[in-house]
Amino acid sequence: MKYYVDDTCIGCGACEGVCPAVFSMGDDGKAVAIEGEVPEAELSAAEEAMDGCPVGAIHQGEE
Ligand code: F3S
């Protein structure tokens, strides 16, 4: 499973707090997901981050 963050991210940082192995804050203040497949051990945390994003900016799959 891959994840990406779209342009609607408001930079709240919640995803990084929930799943720092996959999401981090970029120089533009918006979150970015790691490239490539999310490691098995991080899948549930990544899904939790997606579900918890207040603006629904996190998606599964390819951008
Ligand atoms: Fe942005 Fe949502 Fe994360 S607003 S910083 S993608 S929790």
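Just above sits the structure.
Predicted model, so just to flag it, every value in this text is computed and none were measured.

### Examining the overall build of the protein
Then comes step 1: The helix and strand inventory of the protein stands at two helices and four strands.
Then comes step 2: Going from the N terminus to the C terminus, the protein shows its helices and strands as β-α-β-β-α-β.
Then comes step 3: The globule rule puts the C-alpha radius of gyration for 63 residues at 11 Å, and the 10 Å found for the protein is close to it.
Then comes step 4: Overall, the C-alpha framework of the protein stretches about 25 × 20 × 20 Å when taken along its three principal axes.
Then comes step 5: Taking all 63 residues of the protein together, 29% fall into the buried category.
Then comes step 6: Considering only residue pairs separated by 6 or more positions, the protein has 64% of its internal contacts joining residues 24 or more positions apart.
Then comes step 7: Per element, the accessible surface of the protein, about 3,800 Å² overall, is 48% carbon and sulfur.

### Some words on the packing of aromatic side chains
Here a ring pair, both rings aromatic, is described through the centre-centre distance and the interplanar angle of the planes.
Then comes step 1: Enumeration according to the criterion identifies one aromatic pair in this entry.
Then comes step 2: A ring pair is formed by Tyr 3 and Phe 23, whose centres lie 6.1 Å apart and whose planes are at 80°; its orientation type is edge-to-face. Here Phe 23 lies in strand β2 (residues 23-25) and Tyr 3 lies in strand β1 (residues 3-5), a separation of 20 residues in the sequence.

### Digging into the site of the ligand
Then comes step 1: If you check the shell around the ligand, you find 14 residues, and the closest are Cys 9, Ile 10, Gly 13, Cys 15 and Cys 53.
Then comes step 2: Counted by class, the shell around the ligand contains twelve nonpolar, two polar and no charged residues.

### Observations concerning a negative patch on the surface
Then comes step 1: Negative charge collects at one region of the surface, where Asp 7, Asp 27, Asp 28 and Glu 63 lie side by side.
Then comes step 2: Here Asp 27 shows up in the loop between β2 and β3 (31-33).

The rules behind these values
Residues numbered from 1 in each chain as written. Predicted model: local features only at pLDDT ≥ 70, side-chain atom pairs only at ≥ 80, totals over all residues. Heavy atoms only, no water. Helix = DSSP H or I, 4+ residues; strand = E, 2+ residues; numbered from the N terminus. Rg over C-alpha atoms; globule rule 2.2 N^0.38 Å. Buried < 20%, exposed > 50% of the residue type's maximum accessible area, 1.4 Å probe, protein only. Contact = heavy atoms within 4.5 Å. Areas by Shrake-Rupley, 256 points an atom, 1.4 Å probe, with all protein chains shown as cover. Phe/Tyr/Trp six-rings, centres within 6.5 Å; stacked < 30°, edge-to-face > 60°. Near = heavy atom within 4 Å. Nonpolar A, V, L, I, M, F, W, Y, C, P; charged D, E, K, R; others polar. Patch = residues over 30% accessible without salt bridge, like charges linked within 9 Å, V, L, I, M, F, W, Y side chains within 5 Å. Salt bridge = Lys/Arg side-chain N within 4 Å of Asp/Glu carboxyl O. Lys, Arg positive; Asp, Glu negative; His and termini not counted. Charge placed at Lys NZ, Arg CZ, Asp CG, Glu CD.

That's the geometry; what it means functionally is another story.
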